[in-house]
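Structural features, examined
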Amino acid sequence: MGQDFAAFFAPFALLIGAALLAIGLLSLLGAHFLANVWRERVALALGLGLLVAAEIAIAFSGLSLRFFNGQRADVLQCRQEAETNFPAERHKDSPIINDNIIACMQRYRYDWTSDHRRCRESPVATNPFCYLPARPFDRWLTRLQIMLE
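Residues numbered from 1 in each chain as written. Predicted model: local features only at pLDDT ≥ 70, side-chain atom pairs only at ≥ 80, totals over all residues. Heavy atoms only, no water.

1. Some thoughts on the state of the cysteines
What makes a disulfide is a covalent bond joining the sulfur atoms belonging to two cysteines. A complete count under the given rule lists two disulfides for this structure. There is a disulfide in this structure between Cys78 and Cys104, and the S-S distance comes to 2.1 Å. Between Cys78 and Cys104, the S-S torsion sits near -70°, and that sign places the bridge as left-handed. With Cys78 in helix H3 (residues 68-85) and Cys104 in helix H4 (residues 95-107), this pair connects stretches of sequence that are 26 residues apart. The exposure classification of Cys78 matches that of Cys104, with both residues buried. Shown here is the disulfide that connects Cys119 with Cys130, its sulfur atoms set 2.0 Å apart. Taking the sign of the S-S torsion, about 110° here, the bridge from Cys119 to Cys130 comes out right-handed. Highlighted residues: Cys119 in helix H5 (residues 117-121) and Cys130 in the loop between H5 and strand S2 (131-133), separated in sequence by eleven residues. The pair formed by Cys119 and Cys130 is uniform in burial state, with each residue classed as buried. Should the bonded cysteines of the protein chain be numbered as they appear in the sequence, the pairing reads 1-2, 3-4. (Disulfide = S-S within 2.5 Å. Helix = DSSP H or I, 4+ residues; strand = E, 2+ residues; numbered from the N terminus. Buried < 20%, exposed > 50% of the residue type's maximum accessible area, 1.4 Å probe, protein only.)

2. Focus on a nonpolar patch on the surface
A cluster of nonpolar side chains, namely Leu25, Leu26, Leu28, Leu29, Phe33 and Leu34, defines an oily patch on the protein surface of about 590 Å² accessible area. Within the secondary structure layout, Leu28 lies in helix H1 (residues 2-28). (Patch = residues over 30% accessible without salt bridge, like charges linked within 9 Å, V, L, I, M, F, W, Y side chains within 5 Å. Areas by Shrake-Rupley, 256 points an atom, 1.4 Å probe, with all protein chains shown as cover. Salt bridge = Lys/Arg side-chain N within 4 Å of Asp/Glu carboxyl O.)

3. A short note on the packing of aromatic side chains
Taken as a whole, this structure holds one aromatic pair when the rule is applied. Measuring from ring centre to ring centre gives 5.3 Å for Trp112 and Tyr131, while their planes differ by 85°; the resulting arrangement is edge-to-face. Here Tyr131 lies in strand S2 and Trp112 lies in strand S1 (residues 110-112), a separation of 19 residues in the sequence. (Phe/Tyr/Trp six-rings, centres within 6.5 Å; stacked < 30°, edge-to-face > 60°.)

Written as structure tokens, this is what we have:
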């Protein structure tokens, strides 16, 4: 249901937010579209609020697959690749499999970290809480999602 709501809400919020933001910004440049300056400032604030709300809705819905949900999928993909490449090591507590998963995640641009308490409880290569994206914005958003999990 959350994904359906975000998919429905986000495009309208982006369009309306962009229009209100444009009205507010143009009023700062001297083009007035509303009855008074106070309403134009409210339009500017509402426009910014709608744009931020739409971005948050997209980021925390299933529409955003490159953050923590995508990270989980990447860990599973790396595990499958490692177990396919080393089938004899599959049911052992093999450092070969773990090292292969960590190397695969590095190719997907994730850094190993044991900062999160769930990683400290179980510091294994298949634990998605033990990775953070290398890119700063993705790292920030993933940390926020993990904190709210």
